[in-house]
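Results of the structural survey
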Amino acid sequence: MEYKKEYKCSVLSREMLLGDTAYIELNCPDIARTARPGQFVNVSCSKFLKRPFGIASVDRDSGSFFIGVKSIGSGTGEIITLDRGDEVDVLGPLGNGFDLDSFGSYILVSGGTGVFPVNFAAQYLESSGKNFTVVQGFRDASQVVLNRPSYVLTTDSGDCGIKGTAIAGLDTLDKCVCGSSSCIICVGPVPMMKAVSGWALNHSMKCYVSMEQRMACGVGICLCCIVKVKADNKDGFVNVRCCKDGPVFDSSEVIW
Ligand SMILES: Cc1cc2nc3c(=O)[nH]c(=O)nc-3n(C[C@H](O)[C@H](O)[C@H](O)COP(=O)(O)OP(=O)(O)OC[C@H]3O[C@@H](n4cnc5c(N)ncnc54)[C@H](O)[C@@H]3O)c2cc1C
Ligand code: FES
């Protein structure tokens, strides 16, 4: 089995983006150097299991990387309180990551905490000089994070950006960015990824999604993070491991 390294990382900074969401910079030159967009890390807390987070950005010069953490329970509630100088154990980088080299241009769609891994994809595409468009979908203005003026912003409530889901944002895009040489990358709540997958199918575009199953080991051993993908067998599907075979999957192969 491939050996994954565990590192003791010190917290370099923590910024609260929202009342319940922190942007945390961790010192780890190895992860900063080797991580690919779409990969994740497992971060320790006082609970039994580490918690998985998409890598949100890397700074190769300073040897650090960032994660965005939304507090939804005991582990994340503890991790968002980490402060400069604190140390955590980090396993990673884990998972397959996005293919950001094979297509001429990309549409990056995100919502919720999906904005964090998608931020790293945007950073990569920007530095490699590729064309890309970003569509972000949030519930309302109070949830908006990591937004830039060039991004297409949608909110369910309509209190900022276009009123509607990310699909309303995709519908505003120019036809020339929606061709078959373009690929959609989507990370967000399952209903968003499912709807974006259907939109991609209607536009004859490839779409990749990053699944966020509940995880334990994070390295393919415990089989607790199963995703069903289509297969040419009597059942019509096979079970694959989100942590090891994903978390990024071709959306047309996922059984939603
Ligand atoms: C590959 C991957 C990447 C992720 N990236 C990020 C990220 O960038 N930022 C971020 O804030 N979160 C991310 N998550 C989700 C994060 O790992 C969970 O929120 C965290 O593990 C919850 O831990 P907890 O102890 O706070 O919650 P718990 O106390 O364990 O659970 C609280 C509640 O949340 C539910 N829950 C826990 N984990 C998940 C999950 N994975 N999906 C849906 N519901 C869940 C539980 O069922 C429970 O209802 C990611 C998850 C995966 C698998
Ligand atoms: S979390 Fe253990 S196999 Fe995926």
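The rules behind the values
Residues numbered from 1 in each chain as written. Chains lettered and ligands numbered in written order. Predicted model: local features only at pLDDT ≥ 70, side-chain atom pairs only at ≥ 80, totals over all residues. Buried ≥ 20, exposed ≤ 12 C-beta atoms within 10 Å, placed from the backbone. Helix = DSSP H or I, 4+ residues; strand = E, 2+ residues; numbered from the N terminus. Pairing = 2+ DSSP bridges. Axes fitted to C-alpha atoms, helices over the stretch in contact; angles between N-to-C directions. Contact = placed C-beta atoms within 7 Å. Domains from an automatic or database assignment. Nonpolar A, V, L, I, M, F, W, Y, C, P; charged D, E, K, R; others polar. Near = placed C-beta within 6 Å.

Side chains Phe-40 and Asn-42 of strand β3 (residues 40-43) all project onto a buried face; the interleaved residues Val-41 and Val-43 project onto the opposite face, where all are buried too. Where β3 and strand β4 (residues 51-59) come together, four bridges link them in antiparallel fashion. Bridge pairing in β4 places Val-43 opposite Arg-51. As judged from the three bridges shared by β3 and strand β6 (residues 87-94), these two strands associate in the antiparallel manner. The partner of Asn-42 across the bridge, within β6, is Leu-91.

Before going further, it helps to examine the sheet that holds β6. Strand order in the closed barrel made by the six strands is β1-β2-β5-β4-β3-β6, with antiparallel pairing throughout. Neighbouring strand axes in the sheet, compared pairwise and without regard to direction, differ in orientation by 45° on average. Here helix α3 (residues 115-127) sits on the sheet and contacts β4 and β5 (64-70); the angle it forms with β4, its principal contact strand, is near 25°.

At the junction of Gly-92 and Pro-93, the peptide bond is cis and its omega measures out at 0° in the coordinates. Take Pro-93: it is sitting in strand β6. The residue after Gly-246, namely Pro-247, is reached through a cis peptide bond having omega 15°. Looking at the secondary structure, you find Pro-247 in the loop between α6 (242-245) and β15 (248-250). Phi is positive for Leu-146, close to 50°, though the residue is something other than glycine. Positionally, Leu-146 belongs in the loop between β8 (131-138) and β9 (152-155).

The seven strands are arranged β10-β9-β8-β7-β11-β12-β15 in an open sheet whose pairing can be described as mixed. Single-partner strands in this sheet number two, and they are β10 (162-163) and β15. Pairing analysis gives seven bridges linking strand β7 (residues 105-111) to β8, with the strands arranged parallel. In the sheet register, Gly-111 faces β8, and the bridge partner there is Gly-137. Against the sheet, α3 makes contact with β7, β8, β11 (182-187) and β12 (206-210), and its axis sits at roughly 160° relative to β7, the strand it touches most. The sheet contacts of helix α5 (residues 190-202) involve β7, β8, β11 and β12, and relative to β12 the element is tilted by about 170°.

Next up on the list: the domain arrangement of the chain. We note that the domain assignment places domain 1 (6-94), domain 2 (105-210) and domain 3 (214-256) within the chain. In this complex, domain 2 contributes nine residues to the contact, which on the side of domain 3 involves eight residues. Counting only elements with at least two residues in the side of domain 2 that touches domain 3, the list comes to α5 and β12. Considering every element that reaches the side of domain 2 that touches domain 3, the biggest residue donor is α5, with five residues. Here the residues of the side of domain 2 that touches domain 3 are counted per class, giving six nonpolar, two polar and one charged.

This next bit is on the site of ligand 1. Of all residues adjacent to ligand 1, which total 24 residues, the nearest are Gly-54, Gly-73, Gly-75, Thr-76 and Thr-113. Elements that contribute at least two residues to the shell around ligand 1 include exactly β4, β5, α2 (74-79) and α3. Taken together, the residues of the shell around ligand 1 sort by class into 10 nonpolar, nine polar and five charged.

Summarising burial for β7: six of the seven residues are buried, a large majority. Across six bridges, β7 lies against β11 in parallel orientation. Across the sheet, residue Ser-105 finds its bridge partner in β11, namely Ser-182.

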